[in-house]
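Listed here are the chains, written in short residue letters.
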Amino acid sequence: MSGEEVDEGGSAGGAERADGPTETPSDPDVPRPVFVADPEAAAASESAMEVCSRRGHVAAAGEALLRVDEVVAGYLPGVSILNGTDLYADEGELVGIIGPNGAGKSTLLKAIFGLVGISSGLVRLRGEEITNHKAHQLVPRGVGFVPQTDNVFPSLTVLENLEMGVFLRPKRFRERFDFVAGLFPVLAERRSQRAGSLSGGERQMVAMGRALMMEPSVLLLDEPSAGLSPSMQDEVFFNTKQINQTGVTVVMVEQNARRCLQICDRGYVLDQGRSAYTGPGAGLIDDPKVVELYLGTLGRAR
Ligand SMILES: Nc1ncnc2c1ncn2[C@@H]1O[C@H](COP(=O)(O)OP(=O)(O)O)[C@@H](O)[C@H]1O
Ligand SMILES: [Mg+2]
């Protein structure tokens, strides 16, 4: 089965099946990945991916643009969803996060963006701590977030949605609009149309465009291809790569794991609130353990 065939589900649903519970390490018959303290043990693995280790993470993360260290976070007191998650994104990187349903991928993005409380651990932007900073503080500092759902104002026009994106710096509207229209020409054509009347793919462009209006240094994208037709999914992955190529660092969560790993510089496999594996996208996609444990039939069928 090729990658194209895999996408025929037409939405994240196709990938969800492949990532489903029977193929994840929550199955008692499937071995859990080992979290090793010693990076040499990870290096000794014949596999292309690396098992995440604290020392390995700390050494590699350095002065990353965005850095998450041992973050514990959740929605209810005493119930943590993220259990010591590590992640970093270097300036200009496109980082993908994949993992089974319920692994905490969305929670991780929300925790970075101040929408879920972090009880311990650190989030840093250019070395400065932003742990538990709220969205309104983060946006002016260059963090953009596109949630998976409800990410446009449906009753507002495309233009008004984009204006909302830059309301903190209205004088920059024209310049930023030209930038966004350069990436998504269809948004300029449809500027007077209500966002709610657009196709799913076009709405996703409005959502990304709105986040780009504030000229973010790092853009957090939660499942941008979810629910879209295969051709629109292609466009979203193409657009994401294009955005990254303009210099924006991108951290993208995707259920469409294979496609995500194909375009990202580096991927993370998140499992049960921890970063289980990391490595170059191409390395992870070909790694037998990642395929077996996380990509399931999606990966095996290649
Ligand atoms: N608003 C919420 N309140 C309580 N629990 C939540 C909420 N959102 C998600 N969760 C729980 O957090 C866990 C991780 O969810 P999520 O981060 O959405 O996973 P993923 O994006 O990897 O599929 C799941 O067990 C989910 O039920
Ligand atoms: Mg999610």
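Everything here concerns the structure above.
Predicted model, so just to flag it, every value in this text is computed and none were measured.

As a further point, take the overall build of the chain. On a plain count of helices and strands, the chain comes out with 14 helices and 11 strands. Across the 302 residues that make up the chain, the buried fraction comes to 46%.

A word on the sheet that holds strand β6 (residues 128–129). A sheet is described by the order of its strands in space; here four strands give the open sequence β3-β2-β5-β6, paired in antiparallel fashion. Either end of the sheet is taken by a strand with one partner, and the two such strands are β3 (82–89) and β6. Here strand β5 (residues 118–125) runs beside β6; their pairing, made up of two bridges, is antiparallel. In the strand pairing of β6, Leu125 is matched with Glu128.

Time to look at helix α5 (residues 105–112). Side chains three or four residues apart in an α-helix point the same way, a direct result of the helix having 3.6 residues per turn. Extensive coverage of α5 is indicated by the burial of seven of its eight residues. When we look at burial in α5, the residues that qualify are Lys105, Thr107, Leu108, Leu109, Lys110, Ala111 and Ile112. Looking one or two places after α5, you find Gly114, whose phi comes out positive at around 80 degrees.

At a closest axis distance of 7 Å, the pairing of helix α7 (residues 158–165) and helix α10 (residues 200–212) adopts a crossing angle of 35 degrees. Between α7 and α10 lies a crossing whose hand is right-handed. Between α7 and α10, the contacting residues are Val158, Asn161, Leu162, Met164 and Gly165 on the first element and Val206, Gly209, Arg210 and Ala211 on the second. Looking at the contact of α7 with α10 residue by residue, the classes come out as five nonpolar, three polar and one charged.

This next bit is on the environment of Asn132. With respect to the helices, strands and loops of the structure, Asn132 is situated in the loop between β6 and α6 (135–138). By C-beta crowding, Asn132 is classed as partly exposed, having 14 other C-beta atoms within 10 Å. With 12 residues separating them along the chain, Asn132 and Ser120 place their C-alpha atoms 9.9 Å apart. Dropping the residues within four chain positions of it, Asn132 is found in contact with Gly114, Gly117 and Ile118.

Reading the values: rules and limits
Residues numbered from 1 in each chain as written. Chains lettered and ligands numbered in written order. Predicted model: local features only at pLDDT ≥ 70, side-chain atom pairs only at ≥ 80, totals over all residues. Helix = DSSP H or I, 4+ residues; strand = E, 2+ residues; numbered from the N terminus. Buried ≥ 20, exposed ≤ 12 C-beta atoms within 10 Å, placed from the backbone. Pairing = 2+ DSSP bridges. Axes fitted to C-alpha atoms, helices over the stretch in contact; angles between N-to-C directions. Left-handed = near helix turned anticlockwise from the far one by under 90°. Contact = placed C-beta atoms within 7 Å. Nonpolar A, V, L, I, M, F, W, Y, C, P; charged D, E, K, R; others polar.

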